[in-house]
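As a plain string of letters, each chain reads:
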Amino acid sequence: MTTELAVKKTLGWIFLALGIVIILFTTLQTYNYFTGVDVFPELFYGAVETQSSSASSDSLNAMMESMLSSQLNSFISKDSITLLLNMTAWSLFAFFMVFAGGKLFELGLKVMKE
């Protein structure tokens, strides 16, 4: 076996192993996130509300704003929106990582075949 062939075979096995590790790690992390074992990475945060007391705000406007806010919170909470955004961001990242792992695996097969 020549040195060039041995290097290609070794490099091919490294790419194969790296592709499998990336795919398995991403799949395991995704399983842990969606089963509730781990918390999703937080890329999006809920906004912190601050009450400002300005002279121009009147009580009727504040009352309408609080009623509207409570109705919207009863329909969809802010925590569920940020959770959905974090889940979507992780899903896109996981898709990219599995795709990249598959390409590394494919590259390893091509290098070993030559």
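Treat the numbers as computed from the prediction; the structure is a model and nothing was measured.

(A) Region of interest: the packing of aromatic side chains. This structure, assessed with the given rule, holds four aromatic pairs. Residues Tyr33 and Trp90 carry aromatic rings whose centres are separated by 4.8 Å and whose planes lie at 85 degrees to one another, so their mutual orientation is edge-to-face. Taken together, the residues Tyr33 in helix H1 (residues 3-35) and Trp90 in helix H3 (residues 78-113) connect sequence positions 57 residues apart. Look at Tyr33 and you get buried, because its relative accessible area is 11%.

(B) Representation of the side chain of Asn86 within the structure. Residue position: Asn86 is located in helix H3. Owing to a relative accessible area of 5%, Asn86 belongs among the buried residues under this scheme. Those residues in contact with Asn86 that lie beyond four places of it in its chain are Phe40, Pro41, Glu42, Leu43 and Phe44.

(C) Just the side chain of Asn32, in detail. Its place among the elements puts Asn32 in helix H1. Setting aside anything within four residues of it in sequence, one finds Asn32 in contact with Val37 and Asp38.

(D) Highlighting H1. For H1, which comprises 33 residues, the first-to-last C-alpha distance of 48 Å matches the rise-based estimate of 48 Å (1.5 Å per residue) to within 8%. Here H1 has its buried residues at Gly12, Phe15, Leu16, Gly19, Ile22, Thr26, Gln29, Asn32 and Tyr33. Buried residues along H1 sit in contact with H3. Directly beyond the C-terminal end of H1, a positive phi value near 90 degrees is found at Gly36.

(E) A look at the pattern of salt bridges. Enumeration according to the criterion identifies three salt bridges in this entry. A salt bridge links Glu106 to Lys103, with the nearest nitrogen and oxygen atoms 3.7 Å apart. With Glu106 and Lys103 both in helix H3, this residue pair falls three residues apart, about one helical turn. What makes Glu106 partly exposed here is its relative accessible area of 33%. With a shortest N-O distance of 3.7 Å, Lys110 and Glu106 are connected by a salt bridge. Of this pair, Lys110 and Glu106 both sit in helix H3, four residues apart, which is roughly one turn of the helix. It is possible to trace a salt-bridge network through shared partners that takes in Lys103, Glu106 and Lys110.

(F) Here's a closer look at a nonpolar patch on the surface. Taken together, the side chains of Leu43, Phe44, Phe75, Ile76, Ile81 and Leu85 define a hydrophobic patch exposed on the protein surface, amounting to about 610 Å² of accessible area. Relative to the elements of secondary structure, Phe44 occurs in the loop between H1 and helix H2 (59-75). The exposure class of Phe44 is partly exposed, given its relative accessible area of 36%.

(G) Representation of the environment of Gly46 in the model. Following the sequence through the fold, Gly46 ends up in the loop between H1 and H2. Given the relative accessible area of 46%, Gly46 is considered partly exposed. Each C-alpha atom of the pair Gly46 and Thr82 lies 6.3 Å from the other, and the pair is 36 residues apart in sequence.

Conventions and cut-offs
- Numbers given for residues are sequential positions, taken from 1 along each chain in its written order.
- A pLDDT threshold of at least 70 governs which residues receive local features in this predicted model, and a stricter bar of 80 or more applies before side-chain atom pairs are shown or counted, although totals over entire chains, interfaces and linings include all residues.
- To get the side-chain values, all heavy atoms of the structure are used, and hydrogens and water are removed first.
- Note on aromatic contacts: the rings of Phe and Tyr and the six-membered ring of Trp form a pair at centre separations within 6.5 Å, being stacked when their planes are under 30 degrees apart, edge-to-face when over 60 apart, and tilted otherwise.
- For helices the rule is a DSSP run of H or I covering at least 4 residues; for strands it is a run of E covering at least 2, with both sets numbered from the N terminus onward.
- Whether a residue is buried, partly exposed or exposed follows from its accessible area with a 1.4 Å probe, protein chains only, as a fraction of its type maximum: under 20%, in between, or over 50%, in that order.
- In this description, contact between two residues means that some pair of their heavy atoms is separated by no more than 4.5 Å.
- For a helix, the expected span equals 1.5 Å multiplied by the number of residues minus one.
- Criterion for a salt bridge: a side-chain nitrogen of Lys or Arg within 4 Å of a carboxyl oxygen of Asp or Glu.
- The patches described consist of residues with a relative accessible area above 30% and no salt bridge, like charges being joined within 9 Å and nonpolar side chains (Val, Leu, Ile, Met, Phe, Trp, Tyr) within 5 Å.
- Computed by Shrake-Rupley with a 1.4 Å probe, the accessible areas treat only the displayed protein chains as cover when residues are assessed.

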